[in-house]
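# Architecture and fold: a report
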Amino acid sequence: MQVILVDRLSPDSRKDAANEIKRRASCNDFPPVLLFPEGTTTNGRAVISFKLGAFVPGFPIQPVVVRYPHVHHDPSWGNISLWKLVPRMLTQFHNFMEVEYLPIIYPSEAESQHPIEFAEKVRYEMATVLNVPETEHTYGDLMLLTKASELKLIPATSSMVEMGRVGKIFHLTTSEVKDYLNHFVAMGPNKRGFVTKGKFLETIDLPDCEFSNNIFLVFDKLKRGYFNFREFVGVLGFISKNTAFDGLVTSAFEACDTDRDGCLSRSEVEQSLRTIFPQVSGGWVEKIHSRLGSVGNDVVTYENFRTSLSKNPELFLIFTAAACMLQ
């Protein structure tokens with residue numbers, strides 16, 4: 001079958017596969033290249049985000065849609081082992097598959113240079129024929145779903161954030177969002193997948209005051225008293241991938257570094273925190289100091305400060321606000 005092998009988790013493997021697709025599509029030594037652009041199976045109720053491998057070469061595309069009409073058991077879908085799948089198929093008198101070839105789609109000159117636009121055009125035509133909506137879910141959402149199940153997040157489906165959209169808007173990778181999921185689950189979401197204000201303040205150990213309430217409202221924009229994982233990812237993505245992020249972190253670090261020695265001592269961290277939370281205990285200051293990644297002589301380097309603020313939006317908001325008050 002002349003299969004093109006690819007390791008989903010290896011950028012080099014994905015690049016090699018894309019190059020091989022283009023090589024085979026551009027010569028007459030191979031039959032037409034068959035690709036499954038979603039890169040995974042779904043329940044058929046939507047067409048999810050397309051991978052770009054089929055569209056990068058800029059050649060005409062022959063779209064094909066496949067349906068599996070069934071009453072009881074869908075042979076195309078489900079996390080099911082082969083030894084369970086085959087007996088279930090055998091319990092049905094018939095297992096149907098319909099294959100429909102659509103008209104060939106030729107890319108415009110602009111679409112040949114912009115594979116994302118070409119992919120969207122083809123996806124729209126296929127979704128229209130199937131009479132289903134389009135979503136921005138990707139295989140990354142399946143990886144998040146698996147991770148959520150491992151972490152016992154209920155419901156696990158609340159972890160699916162449409163990675164195609166998240167990647168386009170915030171340039172976040174699945175690996176980064178999986179790290180965010182660990183952080184989110186640590187905050188103790190309820191059985192509906194929501195983190196309430198009380199749990200939020202308790203988990204990240206913030207005093208219950210007006211400033212802490214304002215931090216919570218950054219996540220809870222609708223003022224419902226809770227936020228979900230999608231909203232959490234949106235805030236972290238906006239902060240960590242914002243073009244102004246490095247400048248704001250540098251300004252905050254320099255404002256806190258009063259002795260200009262290139263690192264933050266415990267007393268400098270405490271001085272900064274007390275501009276926002278004047279009544280907090282020394283023990284709480286120590287916890288924040290540790291979360292900033294204090295090393296060696298109990299100091300925080302700029303690298304550790306930046307890493308901590310990129311992963312903990314509440315710390316970013318606290319120290320950028322403190323910097324404004326210190327300057």
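Above this text you will find the structure in question.
The text that follows walks through the structure, step by step, so that each part is easy to find. Here the structure is a predicted model, which means the values were calculated and not measured.

### Observations concerning helix H1 (residues 11-25)
Helix length check: H1, at 15 residues, gives a terminal C-alpha distance of 21 Å against a target of 21 Å (1.5 Å per residue), a fit within 8%. Burial in H1 covers these residues: Ser13, Ala17, Glu20, Ile21 and Arg24. Along the long axis of H1, the arc covered by the buried residues comes to 105°, so they all point the same way. Exposed residues on H1 whose side chains face more than 90 degrees from its buried face are Pro11, Asp12 and Lys15.

### Some remarks on the nonpolar core
Of all hydrophobic cores here, the largest spans 57 residues; its most connected members are Phe200, Phe305 and Phe319. Tallying contributions element by element places helix H15 (residues 313-326) first for this core, with eight residues. Excluding its chain neighbours within four sequence positions, the residues that come into contact with Phe305 are Val249, Ala252, Phe253, Leu264, Leu292, Val300 and Phe319.

### A few points about the side chain of Glu111
Mapping Glu111 onto the fold places it in helix H3 (residues 109-113). Since its relative accessible area comes to 12%, Glu111 is described here as buried. Side-chain polar atoms of Glu111 contact the backbone nitrogen of Ser108, separated by 2.9 Å.

### Considering the pattern of salt bridges
Under the criterion given, the structure shown has 21 salt bridges. Of the charged contacts, one joins Glu111 and Lys121 as a salt bridge, the two residues approaching to 3.3 Å between their closest N and O atoms. Residue Glu111 is located in helix H3, and its partner Lys121 is located in helix H4 (residues 115-130); the two are separated by 10 residues in the primary sequence. Arg306 is the salt-bridge partner of Asp246, the closest N and O atoms lying 2.5 Å from each other. Of this pair, Asp246 sits in helix H11 (residues 245-256) while Arg306 sits in helix H14 (residues 302-311); the two residues are 60 residues apart in sequence, bridging distant segments of the chain. A relative accessible area of 28% means that Arg306 is categorised as partly exposed.

### Thoughts on the packing of aromatic side chains
Taken as a whole, this structure holds 19 aromatic pairs when the rule is applied. Ring centres of Phe216 and Phe227 lie 5.7 Å apart, and the angle between their planes is 50°; on these two criteria the pair is classed as tilted. Taken together, the residues Phe216 in helix H9 (residues 210-219) and Phe227 in strand E4 (residues 226-227) connect sequence positions 11 residues apart. The pair formed by Phe216 and Phe227 is uniform in burial state, with each residue classed as buried. A connected cluster of aromatic rings, assembled from ring pairs, spans Phe184, Phe200, Phe216, Phe219, Phe227, Phe229 and Phe232. Positioned over the ring face of Tyr139 is Arg8, at 3.6 Å from the centre of the ring.

### Some points on the environment of Arg274
Relative to the assigned elements, Arg274 resides in helix H12 (residues 266-274). On a C-alpha basis, the gap between Arg274 and Pro63 in space is 62 Å, while along the polypeptide they are 211 residues apart. Apart from residues lying up to four places away in sequence, Arg274 is in contact with Gln279, Val280, Ser281, Gly282 and Val285. Within the local environment of Arg274, its side chain forms a polar contact with the backbone oxygen of Pro278, the two atoms lying 3.2 Å apart.

### A word on helix H10 (residues 229-240)
Taking 1.5 Å of rise per residue, the 12 residues of H10 would be expected to cover 16 Å, and the 16 Å separating its terminal C-alpha atoms lies within 8% of that figure. Taking burial as the measure, the 12 residues of H10 include 10 buried ones, the bulk of the element. Those residues of H10 that fall on the buried side of the exposure criterion are Phe229, Glu231, Phe232, Val233, Gly234, Val235, Leu236, Gly237, Ile239 and Ser240. Put simply, Asn228 is the residue that caps the front of H10, since its side-chain oxygen is 3.2 Å from the backbone nitrogen of Arg230.

### Some thoughts on a nonpolar patch on the surface
Judged by side-chain polarity, Val66, Tyr68, Met97, Val99 and Tyr101 come together as a nonpolar surface patch covering roughly 490 Å² of accessible area. Structurally, Val66 is set in strand E1 (residues 64-67).

### Brief notes about the packing of helix H5 (residues 139-150) against helix H7 (residues 174-186)
Interaxial distance between H5 and H7 falls to 10 Å at its minimum, and their mutual angle equals 25°. Here H7 runs roughly parallel to H5, going by the angle between their axes. For the crossing formed where H5 meets H7, the hand is right-handed. Contacts between H5 and H7 involve Gly140, Met143, Leu144, Lys147 and Ala148 from the first element and Thr174, Val177, Lys178, Leu181 and Asn182 from the second. Its residues assigned to classes, the contact of H5 with H7 shows five nonpolar, three polar and two charged.

### Some words on the environment of Met160
In this fold, Met160 is placed in the loop between H5 and helix H6 (163-170). You can call Met160 partly exposed: its relative accessible area is 24%. With 17 residues separating them in the primary sequence, Met160 and Met143 have C-alpha atoms 9.0 Å apart. Beyond its immediate stretch of four places on either side in the chain, Met160 contacts His137, Asp141, Leu145 and Arg230.

### Topic: the side chain of His289
Residue placement: His289 occurs in helix H13 (residues 282-291). Under the relative-accessibility criterion, His289 is labelled buried at 0%.

Calculation rules
- Residues numbered from 1 in each chain as written.
- Predicted model: local features only at pLDDT ≥ 70, side-chain atom pairs only at ≥ 80, totals over all residues.
- Heavy atoms only, no water.
- Helix = DSSP H or I, 4+ residues; strand = E, 2+ residues; numbered from the N terminus.
- Expected span 1.5 Å × (residues − 1).
- Buried < 20%, exposed > 50% of the residue type's maximum accessible area, 1.4 Å probe, protein only.
- Arc of directions from axis to C-beta.
- Core = buried A, V, L, I, M, F, W, Y, C linked by side-chain atoms within 4.5 Å.
- Contact = heavy atoms within 4.5 Å.
- Polar contact = N/O pair within 3.5 Å; in protein donor to acceptor, adjacent residues only side chain to side chain.
- Salt bridge = Lys/Arg side-chain N within 4 Å of Asp/Glu carboxyl O.
- Phe/Tyr/Trp six-rings, centres within 6.5 Å; stacked < 30°, edge-to-face > 60°.
- Lys NZ or Arg CZ within 6 Å of the ring centre and 35° of its normal.
- Patch = residues over 30% accessible without salt bridge, like charges linked within 9 Å, V, L, I, M, F, W, Y side chains within 5 Å.
- Areas by Shrake-Rupley, 256 points an atom, 1.4 Å probe, with all protein chains shown as cover.
- Axes fitted to C-alpha atoms, helices over the stretch in contact; angles between N-to-C directions.
- Parallel < 35°, antiparallel > 145°, perpendicular 65-115°, else oblique.
- Left-handed = near helix turned anticlockwise from the far one by under 90°.
- Nonpolar A, V, L, I, M, F, W, Y, C, P; charged D, E, K, R; others polar.

The values are spatial; any link to function lies outside them.
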